[in-house]
Amino acid sequence: MEQGTPSSHLVFLFHLIGFGMIAALLFSGPILERRFKRAETLDAKVAVQRVLKSVGLLSPLAVLLLLATGIGNMYFTGLGPFKAGWLTAKIIFFAIAVINSAMAGARGGQRRRLLERLALGENVPNALPEMQRYNKQQSIFYLIQTFLILVILVLSVFRPE
């Protein structure tokens, strides 16, 4: 995007900001997840889960920003979703990443509700295996999401045909 209007540069800037938000999530999420797993008390786990939820709220904002600015970038470059193979692939991987994120958010909510029940002193049958399952799913989510975002980044930079 060497040449263009000031509007096209502004849209591209906000697209990069959206990518930065996603990158922040991908870096902070696994760190917080590790802290969650190492927390020794239930109260500490609940506190870290609250932070994870707060950080995770960036995701829908980042997705909306990337979607809007991605459409803007296509407009300014004259590319449609099916005019370039790399762009079509990028859109498909973006959609998969959004769905993956939504599913992880739902699982995070289930884990949070289980934690809150345990913190209130409820006796929840199979709580430990359930928590271990949620923890494993979150770890897998971060690996898959990182892979998807890296694929999108490679497609954006190298634009293979």
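Owing to the predicted nature of the structure, the values given are computational and were not obtained by experimental measurement.

A. Spotlight on the pattern of salt bridges. For the structure shown, the criterion picks out 4 salt bridges. Glu33 is the salt-bridge partner of Arg111, the closest N and O atoms lying 2.7 Å from each other. One end of the pair, Arg111, is in helix 4 (residues 85-119); the other, Glu33, is in helix 1 (residues 6-38), with 78 residues separating them in the sequence. Glu33 shares its class with Arg111; the two are buried. As a salt-bridge pair, Glu130 and Arg133 come within 2.5 Å of each other at their nearest N and O atoms. Remark: Arg133 and Glu130 occur in helix 5 (residues 127-158); sequence separation between them is 3 residues, near one turn of the helix.

B. How the structure looks around helix 3 (residues 58-77). The end-to-end C-alpha separation of helix 3 is 28 Å, in line with the 28 Å expected for 20 residues at 1.5 Å each. Listing the buried residues of helix 3 in full gives Ser59, Ala62, Val63, Leu66, Thr69, Gly70, Gly72, Asn73 and Met74. Next to the buried residues of helix 3 lie helix 1, helix 2 (42-56) and helix 4. Note on helix 3: the residue one or two positions beyond its end, Gly78, has a positive phi of about 75°.

C. Local environment of the nonpolar core. Membership of the largest hydrophobic core comes to 14 residues, with the highest contact counts inside it found for Phe36, Leu52, Leu114, Leu115 and Met131. If you tally residues by element for this core, the top one is helix 5, at 5 residues. Among all residues touching Leu52, those that are not within four sequence positions of it are Gly29, Leu32, Glu33, Arg111 and Tyr142. The next biggest cluster of nonpolar side chains, apart from the first, holds 12 residues, and it includes Leu26, Val63, Leu66 and Phe94.

D. Seen up close, the side chain of Asn100. Locating Asn100 in the fold gives a position in helix 4. Dropping the residues within four chain positions of it, Asn100 is found in contact with Phe141, Ile144, Gln145 and Leu148.

E. Up close: the packing of aromatic side chains. Scanning the model with the defined rule gives 2 aromatic pairs in all. The lysine or arginine in question, Lys45, covers the ring of Phe36, its NZ or CZ lying 4.8 Å from the ring centre.

F. Layout of helix 2. Under the 1.5 Å per step criterion, the end-to-end length of helix 2 is 21 Å for 15 residues, consistent within 8% with the ideal 21 Å. Listing the buried residues of helix 2 in full gives Lys45, Val46, Val48, Gln49 and Leu52. Here the buried residues of helix 2 occupy an arc of 165° about the axis, which is enough to place them on one side. Every exposed residue of helix 2 that faces more than 90 degrees away from the buried side is listed here: Asp43 and Arg50. If you follow the buried residues of helix 2, they end up packed against helix 1, helix 4 and helix 5.

About the thresholds
Residues numbered from 1 in each chain as written. Predicted model: local features only at pLDDT ≥ 70, side-chain atom pairs only at ≥ 80, totals over all residues. Heavy atoms only, no water. Salt bridge = Lys/Arg side-chain N within 4 Å of Asp/Glu carboxyl O. Helix = DSSP H or I, 4+ residues; strand = E, 2+ residues; numbered from the N terminus. Buried < 20%, exposed > 50% of the residue type's maximum accessible area, 1.4 Å probe, protein only. Expected span 1.5 Å × (residues − 1). Contact = heavy atoms within 4.5 Å. Core = buried A, V, L, I, M, F, W, Y, C linked by side-chain atoms within 4.5 Å. Phe/Tyr/Trp six-rings, centres within 6.5 Å; stacked < 30°, edge-to-face > 60°. Lys NZ or Arg CZ within 6 Å of the ring centre and 35° of its normal. Arc of directions from axis to C-beta.

These values are about where atoms sit, not about what they do.
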